[in-house]
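Structural description and commentary
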Amino acid sequence: MVSNPQPHVIVVDDNREIRELLSRYLGEHGYRVSAADSAAAFRKLMQSSSPDLVVLDIMMPGDDGLVLCRELRAHSQLPVIFLTAMAEDTDRIVGLELGGDDYLTKPFNPRELLARIKAVLRRVQSAPAAGKGGNSAQSKRISFDGKVLDVSRREVQGADGVAVPLSTAEFRLLCVFLDRPGMVLSRDQLLDMTAGRTADVWDRSIDNQVSRLRRKIEDDPGQPALIKTCWGDGYQFTATVERQ
């Protein structure tokens, strides 16, 4: 995706100091940066730009970052890194569930944001693989439990023929499971393989993603048969996987 030697990043934040700091810092490290102070300014930028990644503040007056991410995911897989206030745990989780690729809590070190931008862009360049170049990258359709994952469309088709679209995070997580059927994967492993980072002690984003994925692929999400919880260890994908 990143063919330009200078990847283009849009920073969306109503705080002028943050916009100026990130524009200067990322520019010094080889990125072309555009800045927007509101949802309206971001939408205007998108009319004339094809960015490689968006750094998106969640808490903004008017349409916030969650609204913008929902709009993006309706027609695009453009990578999104959220900026969120430390206390806004619910917004952070919702942001990831909407398809955000990563998040960073304020206040933050610009160096850490730079590292996360690099990690996300590396993953995007290897798309459609979710699990660090696993077998799902080479497969167009993957069957499991009477269902089929269409890799190019990023949707799961059930036995009834109904196709269910997956968010970016859900797609990556499912691909990781499909590449490793029968393996018990810890939360740290899943987070590393899907987001390229380790979990902090309070990070439950993987649990939320598993819950959302279960609602889309399990016959009875309340009694999951495909993604089993292994208490104290993580999760296990139990279905037989066939690649086409």
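Now for a quick tour of the structure.

Criteria and cut-off values
- Residues numbered from 1 in each chain as written.
- Predicted model: local features only at pLDDT ≥ 70, side-chain atom pairs only at ≥ 80, totals over all residues.
- Heavy atoms only, no water.
- Salt bridge = Lys/Arg side-chain N within 4 Å of Asp/Glu carboxyl O.
- Helix = DSSP H or I, 4+ residues; strand = E, 2+ residues; numbered from the N terminus.
- Buried < 20%, exposed > 50% of the residue type's maximum accessible area, 1.4 Å probe, protein only.
- Pairing = 2+ DSSP bridges.

1. Points about the pattern of salt bridges
Applying the stated criterion across every chain yields a total of 16 salt bridges. Residue Arg212 pairs with Glu170 through a salt bridge whose shortest N-O separation is 3.2 Å. Of the two residues, Arg212 is situated in helix H8 (residues 205-217) and Glu170 in helix H6 (residues 168-179); the sequence distance between them amounts to 42 residues. Because the salt bridges share partners, they merge into one network encompassing Asp13, Asp57 and Lys106.

2. A word on the pairing of strand E4 (residues 80-85)
Extensive coverage of E4 is indicated by the burial of five of its six residues. Bridge count for strand E3 (residues 53-57) against E4 is four bridges, and the pairing is parallel. Across the sheet, Asp57 pairs through a bridge with Leu83, a residue of E4. With five bridges joining them, E4 and strand E5 (residues 102-106) adopt parallel strand pairing. Across the sheet, residue Leu83 finds its bridge partner in E5, namely Leu104.

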